[in-house]
Structure formats: C-alpha cells, structure tokens
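Secondary and tertiary structure notes
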Amino acid sequence: MSVFCEVPQAAPVAVFKLSQDFNNDQFPNKVNLGVGAYRTDEGQPWVLPVVKKVEKILVQDESLNHEYLPILGLPDFRSSASKIALGEDSPAILENRVGAAQCLGGTGALKMGAEFLSRFYNGNKNTKTPIYVSAPTWENHNAVFANAGFEDVRPYKYWDAENRGLNFAGFLEDLESCPEHSVFVLHACAHNPTGTDPTQEQWMQIAEVMMRRKLFVFFDSAYQGFASGCLDKDAWAVRYFVSVGFEMFCAQSFSKNFGLYNERVGNLTIVAHDADNLKRVLSQMEKIVRTTWSNPPSQGARIVSITLNTPELFTEWKDNVSTMAGRVLMMRAQLRAKLEALGTPGTWDHITEQIGMFSFTGLNPKQVEYMVKERHVYLMASGRINMCGLTSRNIEYVAESIHEAVTRVQ
C-alpha cells in the first residue's frame, strides 16, 4: 500500500493538453492555434536575432561564473526591466521609490506579489481581502492568488460577448461597488484572452475610481511591445497610474517579447510611496524568495539586461519585437478579410480591433468542438486563438473551417 494511494489525479492543464492532442493527431493539415508562443510564417519557433547575438557575447565573456546572484536577482536586470515598464524619466524612479524582484517568469512575479499581499496587505484582513480578476482572464490568475491563501477571488465584468468588446460600464460598476482596499489584477496591454483593452480615456476613468475607492493596482504586463510594436504605447496604462500617485505592483514577463519562454525571465516591479516604505517591502520580498526558489537563474536575466543596457542591441531588439507584432497584425487583417469574403455569418471587425497575440473569436464551445474534431484546428474551448499559429499556408483552411463551424453549428 503506497502512502500516495489517496492522491487524486489532477486534471491536465488545458493549453498543454491541447498541444498534446495536436501532436498525436495524424491529420496532415492540422493547425495548432492554442499555445501562447510566437511562430514564424513557416510555423516555427523564432529565436530572436538579438538574443542569438547576446548569447555569443555571454559565451565569450571570461569574467562570468556560476556564483549565486543576490536573492532579489541581477541588479542591472531588475532596474532596466523596471525602466522599460515605467519609462526612464518616471518620477517614481527619480524619487528612488521603485524596486524590483527578479522572478521565474511573469507567473513567478504574480506569485511573489500574491504571497507578499497575503502576508502584509490590508491590516489583519490579508487573505480575506477580495482579489478581482477580469471575466474572462488568464486561467492561472485565479489559481496563483488562491494558492497564496486568498479566500475570495472574484471576477469583475470585462468582456461583452454580444458586442464582442469591452463591457466598460460593467467594469466601472464593479469598481464602484467592491469593498474598499480590494486588489484588482489589470492586464497592462493585449488582454489575455480577449485582446481587448480599454482606451486611454477609459484607463483614466478606471484610475480615478480606483484612487477614490482606495483599491490596490496589480498590473500583469506580459506583452509589452508585442501588442502594438511600440514599448511606450503598450506601457501607457502602467505609466499613467504611476503618474497620478498609485502605489502598485507590476508583474513583467519577458517570455513573449524576447522569445525566452523556457528561460523563465520575469520581474516584479514595486512602486512605493517613498524610499523607506520600499526598503521594508523589499526586505520582506527577500524572505519570501528565500523560501520559494531561494535564488534566481542568471542566463535569461543576463540576456535581457545586456540587451536593454546596450543602445545598439536595444534598437535591434525593438526591431525584432516590431517584426513579431507586425506579423500578428497582418494575420489579423487577412483572417478578417477572408471571413468577410466567405460571407461568414456575424461581424468580424473585432478580429482587427483586438490586439496582441490572442483573439477572442466569439466561437461557442460546440463550434470549437467542431473545429477540433471535424477540421483538426486546435483552439481553446473559450474560442481564443493564437494569431501566431496562422500562416500564409494555413489561413485559408482556418477561415474555411471557422465559416463551416459557424454555418453548421449553432
């Protein structure tokens, strides 16, 4: 009798199960629109040219070793990552009230922020503080905060399914009616999974309500630069909230915009009221990191740090990011055009109005099931597709498959 005999079998992670099913499918024209990673027009992973260049620099640098980094991570990486999010001229940076913790990807940054808040936020109501995540959101948001001990993870209104856009009135309604000091997880840009972001004017209204109602801002920034091709444009919301005086956390991921998916390069940027508060927060972050992964890995952080701190490499990286964003925008335009040319029922302008890696197609679960089983086009049950999975060779087939699903399945 095993001591593990009563351990229940966990359900597989949906997106990875989808990829496994795709890999097992023998159909020659199968298409994977599920996993959230960039692909070239040949359907292949892309190692950014600037990353290859920096990897060669690292190999040839005789001064490097494999000693431990500081607990909070590589200092140059942390400071340059925060500057990318907040802007070099950020008043918070100039006033020495911005700090950071290098984390294991964006998920690790969310985890560190959640663990800290569960211990130190909102007096003695730490884990009873409501955590609000958008409806829908990246599925890991719920689990990260629940696993940090929060007992009340709630949805806030975000997606308007009927109009295939932002339910801004519902969003504001939830901001106005939630308990004071609630934590709101906000997608900095390229909302996952809908691809629908507030306008700058809407962000300003959101900030006004959150400031007035004493709500805590926790940005998740996984797609900076990848959404529009412009780093500054994609960071506008984060920078605006800082400019009007918010203390906040911002979880950053460099998986997408550097293509460093398996290097787990993340950063938790912390904006505090003043340097003294920041110092105490970082001291507690060290304690949390120490009992979690103890010390972060160096390779990915060095790649990002060297790139961000070397002007010619930084320029090349921005060009690489623009290349990825441009291909996504082109696939959006082509998919919409093909669906409209086919006369596919419904409106498809949301395909080009959404931004970033993902598009919320509006397909219902039965239509998704038809796409997978009958057409061998793999996408999430929510109807979310990864635009990078589209190529010049498969986009016609995908458009025809969507048309067939919509016309045959209600």
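That block above? That's the structure.
Throughout what follows, the structure given in this document is the object of discussion.

What to know about the side chain of His141
Summarising the element assignment, His141 is placed in helix α6 (residues 139-147). For His141, a relative accessible area of 1% corresponds to the buried category. Polar contacts involving the side chain of His141 include one to the side chain of Thr137, which spans 2.7 Å. If sequence neighbours within four positions are ignored, His141 has contacts with Leu110, Val133, Val185, His187 and Asp220.

So, the packing of helix α3 (residues 75-86) against helix α13 (residues 299-309)
Running from amino to carboxyl end, α3 crosses α13 at an angle of 60°, the nearest separation of the two axes being 9 Å. Classed by the angle they form, the pair α3 and α13 counts as oblique. In the crossing of α3 with α13, the sense of the turn from one axis to the other is left-handed. Only Ala301, Val304, Ser305, Leu308 and Asn309 of α13 make contact with α3, whose side of the interface consists of Asp76, Phe77, Ser80, Ala81 and Ile84. Each residue belonging to the contact of α3 with α13 can be placed in one class, and the counts come to 6 nonpolar, 3 polar and 1 charged.

Digging into the pattern of salt bridges
If the charged atoms of two oppositely charged side chains come close together, the side chains can form a pair. Under the criterion given, the structure shown has 19 salt bridges. Here Glu208 ties to Arg212 by a salt bridge, and the two come within 2.9 Å at their closest N and O atoms. Taken together, the residues span about one helical turn, with Glu208 and Arg212 both in helix α8 (residues 200-212) at a distance of 4 residues. Residue Glu208 is classed as partly exposed on the basis of its relative accessible area, which comes to 42%.

Side note on the environment of Ser294
With respect to the secondary-structure elements, Ser294 resides in the loop between α12 (275-290) and α13. With 230 residues separating them in the primary sequence, Ser294 and Leu64 have C-alpha atoms 21 Å apart. Residues within four places of Ser294 in sequence aside, it is in contact with Ile71 and Val289. Here the side chain of Ser294 touches Arg290 through a polar contact of 2.5 Å, side chain to side chain.

Thresholds applied
- Residues numbered from 1 in each chain as written.
- Predicted model: local features only at pLDDT ≥ 70, side-chain atom pairs only at ≥ 80, totals over all residues.
- Heavy atoms only, no water.
- Helix = DSSP H or I, 4+ residues; strand = E, 2+ residues; numbered from the N terminus.
- Buried < 20%, exposed > 50% of the residue type's maximum accessible area, 1.4 Å probe, protein only.
- Polar contact = N/O pair within 3.5 Å; in protein donor to acceptor, adjacent residues only side chain to side chain.
- Contact = heavy atoms within 4.5 Å.
- Axes fitted to C-alpha atoms, helices over the stretch in contact; angles between N-to-C directions.
- Parallel < 35°, antiparallel > 145°, perpendicular 65-115°, else oblique.
- Left-handed = near helix turned anticlockwise from the far one by under 90°.
- Nonpolar A, V, L, I, M, F, W, Y, C, P; charged D, E, K, R; others polar.
- Salt bridge = Lys/Arg side-chain N within 4 Å of Asp/Glu carboxyl O.

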